[in-house]
Amino acid sequence: MRRGPVVQPKVLIDGPMTVKELASRAGVPMAAAVKSLIGMGIMATVNQTLDVDIARRLAAELGATVEEPVKTGEEHPERLAVQEKTSKFLRGRAPVVTVMGHVDHGKTTLLDAIRKSNVAAHEAGGITQHIGASVVNWQGHRIVFIDTPGHEAFTAMRARGAQVTDLVVLVVAADDGVKPQTLEAISHIRAAGVPMIVAVNKIDRPGADPDRVKRQLSEQAVTAEDWGGDTVFVNVSALKGTGVDTLLEMIILISEMQDLKANPLRPARGTVVESKLDRGRGPVATVLIQTGTLRVGDAVYAGASVGRVRALFDHLGQRLDQAGPSMPVEVLGLSEVPIAGDPFEVAEDEKSAREKAVQAFSERRGDQAARPSVSLEDLYSKLKAGETKDLNLVVKADVQGSLEALRSTLGNLSLPEVRVSILHTGVGPITQDDVMLASASDAIVIGFGVRPDPNARRVAQRERVDIRTYQIIYEIVDDITAAAKGMLAPKMERVLAGKAHVRAVFQVPRQGSIAGCYVTEGKIVRNSEVKVVRDGKTLYEGRVDSLKRFKDDAREVAAGFECGVGVDGFNDFAEGDVIEAYIMQKVEREA
Ligand code: GDP
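Keep in mind that this is a model prediction, so the values were computed, not measured.

Rules used throughout
- Residues numbered from 1 in each chain as written.
- Predicted model: local features only at pLDDT ≥ 70, side-chain atom pairs only at ≥ 80, totals over all residues.
- Heavy atoms only, no water.
- Near = heavy atom within 4 Å.
- Helix = DSSP H or I, 4+ residues; strand = E, 2+ residues; numbered from the N terminus.
- Nonpolar A, V, L, I, M, F, W, Y, C, P; charged D, E, K, R; others polar.
- Pairing = 2+ DSSP bridges.
- Expected span 1.5 Å × (residues − 1).
- Buried < 20%, exposed > 50% of the residue type's maximum accessible area, 1.4 Å probe, protein only.
- Arc of directions from axis to C-beta.
- Contact = heavy atoms within 4.5 Å.
- Axes fitted to C-alpha atoms, helices over the stretch in contact; angles between N-to-C directions.
- Parallel < 35°, antiparallel > 145°, perpendicular 65-115°, else oblique.
- Left-handed = near helix turned anticlockwise from the far one by under 90°.

A. Fine view of the site of the ligand. Taken together, 15 residues are adjacent to the ligand, and Asp104, Lys107, Thr108, Thr109 and Asp204 come closest. Here the shell around the ligand gets 3 residues from one element, more than from any other, and that element is helix α4 (residues 107–117). Looking at the shell around the ligand residue by residue, the classes come out as 3 nonpolar, 7 polar and 5 charged.

See the structure below:
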């Protein structure tokens, strides 16, 4: 993106206002406003109220564009009938921004700096409340920031089908450079397909090296404009407030290019970004309104929760009667606490809200059950059904070298049936974040020389994400190739079936050594693979070739029973040995 002209301030003129208020909305010093008024032949103090006409003229005099208030429901009793698609009702809306980046790179500090330096004067009385999102007024332009930094919230919401972010600010500390979570964030941003701005933070630090950040990011194909790329980089010091204005200006410029619009006239629809149960106030949800206008008294539903809006509060804790597109508001009046990511909607009345909530809930549950749950084994049927042509992968490996090798091998894989794309790679065990990214992006997770941690397993089971672990690169290639052709054999895993203790050893002619055993756990199965363990060490691995209960052959012998066990090729049993039997089991996915 080329850097355009300086952003022109916008002023919302929604009624008579004081000189002070107008100056603050336009982001100009009060003295400049008074001076312009004098130029217009009007002597006024900062606290004097201007009528709408004069306010408009003054705004123009100050070089600001006047923003007309959008008429809402009151003037349009047929509000419920106004359809969103009617483009003539579409109006510009504020961008919604999420801040991401590695831990300690300054995300929270940057959000604080932005909030502090840009609270408009007429809002200064209000103390910022934590409602999960905040609104910044910069030179008359509103920008909404989601307060929870990091990619957990971002991805969790996306996994639930909600995309609220228009733009991401990726924070990278200039003295620390690109780190694993920076890379993770890039993958999340790409998977979501939203534009990003890089804020190179901590430039006040002695060790700051912004060029190194540019170099490292260009290796990830995130290239700065002055290096021939199209990503905007802004050097900032969140601590000192340096560069924050430039960052905000860039956010406005990029979001203007996105041409974000919504219809404020229709009934509101949004997404729950935060929720809690408040002792005094009952269920409280912060809802980001994405289209339409929400008003006190509206019948609403979100997730399984229904109600009538009892009160609305903005991020300064001020009561509102209504809230339009891109506004984060605290909503009181819901029957229970919805979950972040739940869609929030207005219904005609409470009865239909209740019906719709039930319907949405069961649809979602149905969805969940019928969820495509991308797995390598199902790939073929999906390809055949034309449901997909893509195989998205999240790849974790033990060392950087393995990743490089995997990237080039998988990158060179040319299969006519399927397009393989790697959404994210990283070194280290498979984590919950990897699984959430996969879930949000219909991907499968591949671990090379690494395994999922317990949280990742739990989440994978819940989100029905296929995790596959490998030790050999070509097995990955083989599996993907076979899956694309519908020839992938189910994944088998060796599991412990049972244990038996050797209590006596018999030499049987022609059969060799037979162990007289007592089964202590599970069961011993004929033909199963066994390990003979002595003093904790595996002495021999083979197959059960004879299994007898007394004189009779047995198919299996369960715990609590005695049996005679012969192991193919092993004649060395000793009293006290432990026989461990294993069977191969088809595994659906990592559990
Ligand atoms: P987060 O984990 O990304 O939210 O990082 P924080 O905002 O908590 O910041 C981590 C540490 O870096 C804190 O001690 C901050 O004071 C410090 N920090 C953040 N931004 C800057 C900066 O611009 N300059 C300097 N010198 N320190 C900063």
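B. Here's a closer look at the pairing of strand β29 (residues 537–549). As defined by bridge partners, strand β28 (residues 529–534) adjoins β29 across 6 bridges and the pair is classed as antiparallel. The partner of valine 530 across the bridge, within β29, is glycine 542. What sits between β28 and β29 in their antiparallel hairpin is a turn of 2 residues, with aspartate 535 showing a positive phi close to 50°. Alignment of β29 against strand β30 (residues 552–553), held across 2 bridges, turns out to be antiparallel. Bridged to lysine 548 within β30 is aspartate 553. Between β29 and the antiparallel strand that follows it, β30, lie 2 residues; phenylalanine 550 among them carries a positive phi value of about 50°.

C. Geometry of helix α11 (residues 400–412). End to end, α11 covers 18 Å across 13 residues, agreeing with the expected 18 Å (1.5 Å per residue, within 8%). Within the sequence span of α11, burial applies to Ser402, Leu403, Leu406, Thr409 and Leu410. The buried residues of α11 occupy an angular sector of 135° when projected down its axis, which confines them to one face. Turned more than 90 degrees away from the buried face of α11 sit Gly411 and Asn412, all of them exposed. Buried residues along α11 sit against β22 (390–397), β23 (419–427), β24 (443–448) and α14 (473–484).

D. Fine view of the pairing of strand β14 (residues 282–291). The buried count for β14 comes to 9 of 10 residues, which makes it a mostly enclosed element. Across 9 bridges, strand β13 (residues 269–278) lies against β14 in antiparallel orientation. Across the sheet, residue lysine 276 finds its bridge partner in β14, namely valine 284. Of the strand pairs in this sheet, β14 and strand β20 (residues 328–334) are connected by 5 bridges, and their pairing is antiparallel. Bridge assignment links alanine 285 to a residue of β20, and that residue is valine 331.

E. How the structure looks around the packing of helix α12 (residues 432–440) against helix α13 (residues 454–463). At a minimum axis separation of 8 Å, α12 and α13 run at an interaxial angle of 20°. Taken together, the axes of α12 and α13 lie roughly parallel to each other. Judged by the twist between their axes, the crossing of α12 over α13 is right-handed. Seen from α12, the contacting residues are Gln432, Val435, Met436 and Ser439; seen from α13, they are Asn455, Ala456, Val459, Ala460, Arg462 and Glu463.

F. Structural detail: the side chain of serine 402. Its place among the elements puts serine 402 in helix α11. Discounting chain neighbours no more than four positions away, the residues touching serine 402 are Ala397 and Phe448.

G. Spatial organisation of the sheet that holds strand β11 (residues 232–235). Taken in spatial order, the 6 strands of this open sheet run β7-β8-β6-β9-β10-β11, and their pairing is mixed. The outermost strands of the open sheet, each flanked by one partner alone, are β7 (133–138) and β11. Pairwise comparison of adjacent strand axes, ignoring direction, gives a mean angle of 30° for this sheet. Two strands pair when backbone bridges link them, and strand β6 (residues 96–101) and strand β9 (residues 167–173) are joined in this way by 5 bridges, in the parallel orientation. Bridge pairing links threonine 98 to valine 168 in β9. Along the sheet face, helix α6 (residues 180–192) touches β6, β9 and β10 (196–201) and points at about 165° away from the line of β9.

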